[in-house]
Every structure is written in structure tokens, then in C-alpha cells.
Amino acid sequence: MRNRAIAMRTCLMALLVSLAFVTTASAHAHGKHLMGTVDSITNNEIVVATASGEKASATLTPETRYVRGKDTIFSSDIKIGEKVVVHAKAGENGKGLVAEEVHVGMKKK
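Residues numbered from 1 in each chain as written. Predicted model: local features only at pLDDT ≥ 70, side-chain atom pairs only at ≥ 80, totals over all residues. Heavy atoms only, no water.

## Here's the deal with the overall build of the chain
(1) Moving on: Within the chain, the secondary structure is distributed over one helix and seven strands.
(2) Moving on: In the chain, the order of α-helices and β-strands from amino to carboxyl end is α-β-β-β-β-β-β-β.
(3) Moving on: Within the chain, contacts between residues at least 6 apart in sequence are counted, and of these 46% link residues at least 24 apart.
(4) Moving on: Surface accessibility of the chain: about 8,300 Å² in total, with carbon and sulfur atoms responsible for 59%. (Helix = DSSP H or I, 4+ residues; strand = E, 2+ residues; numbered from the N terminus. Contact = heavy atoms within 4.5 Å. Areas by Shrake-Rupley, 256 points an atom, 1.4 Å probe, with all protein chains shown as cover.)

## With respect to the pairing of strand β2 (residues 45-49)
(1) Moving on: Summarising burial for β2: four of the five residues are buried, a large majority.
(2) Moving on: Sheet analysis places strand β1 (residues 32-41) next to β2, joined by four bridges and oriented antiparallel. What sits directly across from Val38, in β2, is Val48.
(3) Moving on: Connecting the antiparallel pair β1 and β2 is a turn made up of three residues.
(4) Moving on: Inspection of the sheet shows β2 paired to strand β3 (residues 55-59) by five bridges, in the antiparallel sense. (Buried < 20%, exposed > 50% of the residue type's maximum accessible area, 1.4 Å probe, protein only. Pairing = 2+ DSSP bridges.)

## Some remarks on the pairing of β1
(1) Moving on: Alignment of β1 against strand β6 (residues 83-90), held across six bridges, turns out to be antiparallel. Of the residues in β6, the one forming a bridge with Gly36 is Val84.

## Notes on the nonpolar core
(1) Moving on: Judged by nonpolar contacts, the single largest core of 16 residues is most densely connected at Ile46, Ala58, Ile78, Val84, Val86 and Val102.
(2) Moving on: Mapped onto this core, the elements with two or more residues apiece are β1, β2, β6 and β7 (97-104).
(3) Moving on: Counting residues per element, this core draws most heavily on β7, which supplies four residues. (Core = buried A, V, L, I, M, F, W, Y, C linked by side-chain atoms within 4.5 Å.)

## Let's talk about the pattern of salt bridges
(1) Moving on: Under the criterion given, the structure shown has three salt bridges.
(2) Moving on: One salt bridge in this structure joins Arg65 and Glu101, with 3.1 Å as the shortest N-O distance. Within this pair, whereas Arg65 is found in strand β4 (residues 65-68), its partner Glu101 is found in strand β7, the two being separated by 36 residues in sequence.
(3) Moving on: Residue Arg65 is classed as partly exposed on the basis of its relative accessible area of 47%.
(4) Moving on: For the salt bridge of Glu82 with Arg68, the shortest nitrogen-to-oxygen distance reads 2.8 Å. (Salt bridge = Lys/Arg side-chain N within 4 Å of Asp/Glu carboxyl O.)

## Digging into the confidence of the model for the chain
(1) Moving on: Averaged over every residue, the pLDDT of the chain is 81; residues scoring 70 or more account for 71%.
(2) Moving on: For the stretch residues 11-29, pLDDT sits under 50, and the model shows one contact to residues farther than four places along the chain or on other chains. (pLDDT = per-residue confidence, 0-100.)

## Things to note about the side chain of Thr64
(1) Moving on: Residue placement: Thr64 occurs in the loop between β3 and β4.
(2) Moving on: Reaching out from Thr64, the side chain makes a polar contact with the backbone nitrogen of Thr61 at a distance of 2.9 Å.
(3) Moving on: Within the structure, the side chain of Thr64 is placed 2.8 Å from the backbone oxygen of Ala99, a separation counted as a polar contact.
(4) Moving on: Apart from residues no more than four positions distant in its own chain, Thr64 is found in contact with Thr59, Ala99, Glu100, Glu101 and Val102. (Polar contact = N/O pair within 3.5 Å; in protein donor to acceptor, adjacent residues only side chain to side chain.)

Below you can see the structure in the form of C-alpha cells.
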């Protein structure tokens, strides 16, 4: 009887932990992430070269945030060749991507 109660608690805890991960993952499911190195960047667009060699772009807006580590930076601080993760959403009418945040890798010391 005691073993059954322990097994039930274990199953319940596993279920709750699984639900927590699903909820967290679904919060990011509506966006897209571009990961790779900066191929080019202008005032209006960032182009990222992915690990597979493809190039993907996202539109930059005045609302786009730029982050390096814990620090907020400017788009002009981003250099070609730096590693980035671009958090983007679908553009108007589902066309293209619009960058919400650009996370830049830490500079080597």
C-alpha cells in the first residue's frame, strides 16, 4: 500500500513538471529564433548566417531591443561575424520576420 502511494506521488510530480515545461515552451512557440553569425546589419534589417550555411533575415524596428549579456546595447554596437540569437515574430500578413530582440554573444577578452 505504501509503495503504491509513493508511485502515485512520483507520477503526479512527473506530470506537474511536464506541464510546467510544456507551458514554458508554448510561450516561445509563436515566435522564431534565428541563430548564427551576423552576415550584415543595417538600420532596417539583420541578416544571419546559420550553422547550415543558409541566410535568414529579420526586419529591425525602433522597438527592437539589443542585448549583450545583461547590458542593453545599440544596433551600431553589433559587428559582422558576431554570434547572435534573434527573437522574431511574423511580419504583417505573416510575411517575413520582425526582430523583437537581438541577443549578441559576449566579446572575448
